[in-house]
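A structural walkthrough
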Amino acid sequence: MTAGVTVGVTDRYGPSRAVWDAGAVWEREVEAQDTLLRLPRERVAGLKTAWPAIVRDFVDAVAAEETRQKDGYPFDPSWARLAPPTAQAIDRMQDVWSWHERYLGKDLIGCQVVQGMALAAALQRPLLWGVRPFMRKRRWQCYQVRDRALGSLAQALSGTGIA
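So, a few notes on the structure that sits alongside this text. Note that the structure is a prediction, hence the values are computed from the model and not measured.

**What about the overall build of the chain?**
- Scanning the chain for helices and strands turns up six helices and two strands.
- For the chain, buried positions account for 29% of its 163 residues.
- Taking the intrachain contacts of the chain between residues at least 6 apart in sequence as the baseline, contacts between residues at least 24 apart amount to 62%.
- For the chain, the accessible area works out to roughly 11,100 Å², and carbon and sulfur atoms hold 56% of it.

**Some remarks on the pattern of salt bridges**
- Evaluation of the coordinates by the stated rule reveals five salt bridges.
- Residues R38 and D34 are paired through a salt bridge, measuring 3.0 Å at the closest nitrogen-oxygen approach. On the criterion of helical spacing, the pair formed by R38 and D34 is a turn pair, its members being four residues apart in helix α1 (residues 22-38).
- Given a relative accessible area of 23%, D34 falls into the partly exposed group.

**Some thoughts on the nonpolar core**
- If you look at the biggest cluster of nonpolar residues, it comprises 26 residues, and the most contacted ones within it are W20, V25, W26, W99, M117, V131 and C142.
- Among the secondary structure elements, those contributing two or more residues to this core are α1, α3 (87-103), α4 (108-122) and α6 (139-160).
- With seven residues, α6 is the largest single contributor of residues to this core.
- Non-local contacts of M117, meaning those with residues more than four positions away in its chain, are made with W26, L127, L128, G130, V131, C142, Y143 and R146.

**Looking at the packing of α1 against α4**
- For the pair α1 and α4, interaxial distance at closest approach is 8 Å and the crossing angle is 65 degrees. Overall, the two elements α1 and α4 adopt an arrangement that is roughly perpendicular. Classified by chirality, the crossing of α4 by α1 is right-handed. In this structure, α1 contributes W26, E29, V30, Q33, D34 and L37 to the contact, and α4 contributes V114, Q115, M117, A118, L119, A121 and A122.
- Classifying every residue of the contact of α1 with α4 gives nine nonpolar, two polar and two charged.

**What to know about unusual backbone geometry**
- A positive phi angle is found at Q124, which is not glycine, with a value near 60 degrees.
- With relative accessibility at 74%, the residue Q124 sits in the exposed group.

**What about the packing of α1 against α3?**
- For the pair α1 and α3, interaxial distance at closest approach is 9 Å and the crossing angle is 120 degrees. Classed by the angle they form, the pair α1 and α3 counts as oblique. In the packing of α1 onto α3, the handedness of the crossing is left-handed. Of the residues in α3, those in contact with R28, E29, E31, A32, Q33, T35 and L36 of α1 are A89, I90, R92, M93, V96, W97, W99 and H100.
- Here the residues of the contact of α1 with α3 sort into eight nonpolar, three polar and four charged.

**A few points about the environment of M93**
- Mapped onto the fold, M93 is located in helix α3.
- Between the C-alpha atoms of M93 and T35, which are 58 residues apart in sequence, the distance is 6.8 Å.
- Those residues within four positions of M93 in sequence are excluded, and the remaining contacts are A32, T35, L36 and L39.

**A look at the packing of aromatic side chains**
- One pass over the structure, following the stated rule, counts one aromatic pair.
- Each ring, one from W20 and one from W99, has its centre 5.3 Å from the other, and the planes form 80 degrees; the classification is edge-to-face. Residue W20 is located in the loop between β2 (14-19) and α1, and its partner W99 is located in helix α3; the two are separated by 79 residues in the primary sequence. The burial state of W20 is the same as that of W99; both residues are buried.
- In this arrangement the basic side chain of R125 is found over the ring face of W129, its NZ or CZ atom lying 4.6 Å from the centre.
- Its end group placed over the ring of W26, R146 keeps NZ or CZ at 4.9 Å from the ring centre.

What counts, and at which threshold
- Residues numbered from 1 in each chain as written.
- Predicted model: local features only at pLDDT ≥ 70, side-chain atom pairs only at ≥ 80, totals over all residues.
- Heavy atoms only, no water.
- Helix = DSSP H or I, 4+ residues; strand = E, 2+ residues; numbered from the N terminus.
- Buried < 20%, exposed > 50% of the residue type's maximum accessible area, 1.4 Å probe, protein only.
- Contact = heavy atoms within 4.5 Å.
- Areas by Shrake-Rupley, 256 points an atom, 1.4 Å probe, with all protein chains shown as cover.
- Salt bridge = Lys/Arg side-chain N within 4 Å of Asp/Glu carboxyl O.
- Core = buried A, V, L, I, M, F, W, Y, C linked by side-chain atoms within 4.5 Å.
- Axes fitted to C-alpha atoms, helices over the stretch in contact; angles between N-to-C directions.
- Parallel < 35°, antiparallel > 145°, perpendicular 65-115°, else oblique.
- Left-handed = near helix turned anticlockwise from the far one by under 90°.
- Nonpolar A, V, L, I, M, F, W, Y, C, P; charged D, E, K, R; others polar.
- Phe/Tyr/Trp six-rings, centres within 6.5 Å; stacked < 30°, edge-to-face > 60°.
- Lys NZ or Arg CZ within 6 Å of the ring centre and 35° of its normal.

Dropping the structure here:
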């Protein structure tokens, strides 16, 4: 049982939540941003070219086989690519985006602050890193806006019975 969350029936994502609180909504927001970061960066190309594919990551440039040391991988493990997300994680991410549209439609600043802070948390950066520069000057207000938006999301989700 997660803090402040009542566990209900099991659905395809695991135990569903009968009652949501701001902490559970925040966890789902951070998970959605983490899933977004794990999606492949490549787009489907409509037109092909005869030129070879270019190196897009620093890791691709420096971690080629000929640059590896014999005693193991010479680079920091944090440089490794994240594993791709599961289909269930992508579905949960899309659910979170639909919550923003459905329940925070008129609170644009609240939605931006929640998404920015969740992205910063997923990247393991300070929470205010993901907030617009003019809002960083009013730190306490950013946290108030985030808490208000998460509270209204939790109240709306608890009232509709969404898992």
